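Here is what each chain is made of, one letter per residue.
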Amino acid sequence: QVQLVESGGGLVQAGESLRLSCAASGRIFSINAMGWYRQAPGKQRELVADINSGSATNYADSVKGRFTISRDNAKNTVYLQMNSLKPEYTAVYYCNAQIRTFPMVPHSAYWGKGTLVTVSS
């Protein structure tokens with residue numbers, strides 16, 4: 001069984017920073033891409049940023065230059081450094097990882113339960 005546990009969310013004021021972490025644990029043979037998604041009230045879940053096993057990154061246009069995604073493969077952990085936060089970034093942030101649990105099994109997508117980020121104006 002695989003678990004993804006996010007941490008680091010909270011309430012901040014506009015312009016401040018937060019760092020989210022997501023640690024994967026359990027039966028893990030390998031991890032391919034890891035990423036962060038968010039879902040604001042009344043909206044669909046959207047990709048914020050992702051990072052592949054080679055550390056190539058991809059960002060939503062709305063967060064380019066403000067957010068930085070990184071990963072620590074030894075700790076099976078992905079991070080999201082969020083700077084210059086805006087009220088419109090208020091959402092539940094979810095961690096996603098493509099994980100292979102056994103050598104001959106394809107990667108499957110796993111999700112964390114989410115962490116709330118609230119940015120006040």
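Model, not experiment: these values are computed from the prediction. (Residues numbered from 1 in each chain as written. Predicted model: local features only at pLDDT ≥ 70, side-chain atom pairs only at ≥ 80, totals over all residues. Heavy atoms only, no water.)

1. Topic: the overall build of the protein chain
The secondary structure content of the protein chain amounts to zero helices and 11 strands. Walking the protein chain from its N terminus toward its C terminus, one meets helices and strands in the order β-β-β-β-β-β-β-β-β-β-β. Here the C-alpha radius of gyration of the protein chain, 14 Å, is about what a compact globule of 121 residues would show, namely 14 Å. Relative to its 121 residues, the protein chain shows a buried fraction of 36%. Contacts in the protein chain between residues at least 24 apart in sequence constitute 56% of all its contacts with a sequence separation of at least 6. Surface accessibility of the protein chain: about 6500 Å² in total, with carbon and sulfur atoms responsible for 47%. (Helix = DSSP H or I, 4+ residues; strand = E, 2+ residues; numbered from the N terminus. Rg over C-alpha atoms; globule rule 2.2 N^0.38 Å. Buried < 20%, exposed > 50% of the residue type's maximum accessible area, 1.4 Å probe, protein only. Contact = heavy atoms within 4.5 Å. Areas by Shrake-Rupley, 256 points an atom, 1.4 Å probe, with all protein chains shown as cover.)

2. Some words on the packing of aromatic side chains
In total, this model carries two aromatic pairs according to the counting rule given. Aromatic side chains Tyr37 and Trp111 sit 4.9 Å apart centroid to centroid with 65° between the ring planes, which places their arrangement in the edge-to-face category. Separated by 74 residues along the polypeptide, Tyr37 in strand β4 (residues 30-39) and Trp111 in strand β10 (residues 108-111) bring together distant segments of the chain. On the accessibility criterion, Tyr37 (23% relative accessible area) is partly exposed. Between Phe67 and Tyr89 the ring centres are 5.2 Å apart and the planes differ by 65°, which places this aromatic pair in the edge-to-face class. Of this pair, Phe67 sits in strand β7 (residues 67-72) while Tyr89 sits in the loop between β8 (77-82) and β9 (91-100), and the two are 22 residues apart along the sequence. Of the residues examined, Phe67 reaches a relative accessible area of 3% and is grouped as buried. A cation over an aromatic ring shows up here: Arg45 above the ring of Tyr94, its NZ or CZ 3.7 Å from the ring centre. (Phe/Tyr/Trp six-rings, centres within 6.5 Å; stacked < 30°, edge-to-face > 60°. Lys NZ or Arg CZ within 6 Å of the ring centre and 35° of its normal.)

3. Considerations on the sheet that holds β8
Read across the open sheet, the four strands follow the order β1-β3-β8-β7; overall the sheet is antiparallel. Taken across any chain shown, the strands that pair with only one partner, and hence form the sheet edges, are β1 (2-7) and β7. The average undirected angle you get between the axes of adjacent strands in this sheet is 15°. (Pairing = 2+ DSSP bridges. Axes fitted to C-alpha atoms, helices over the stretch in contact; angles between N-to-C directions.)

4. Considering the pairing of strand β5 (residues 46-51)
Bridging between β4 and β5 involves five bridges; their strand directions are antiparallel. Within β5, the residue paired with Tyr37 across the bridge is Leu47. Here β4 hands over to β5 after six residues, with Gly42 in that stretch at a positive phi of 75°. In this sheet, strand β6 (residues 57-59) lies alongside β5 in antiparallel orientation, the contact comprising three bridges. Bridged to Ile51 within β6 is Thr57. Where β5 folds back on β6, the antiparallel hairpin that results is connected by five residues, among which Ser55 adopts a positive phi of roughly 70°.

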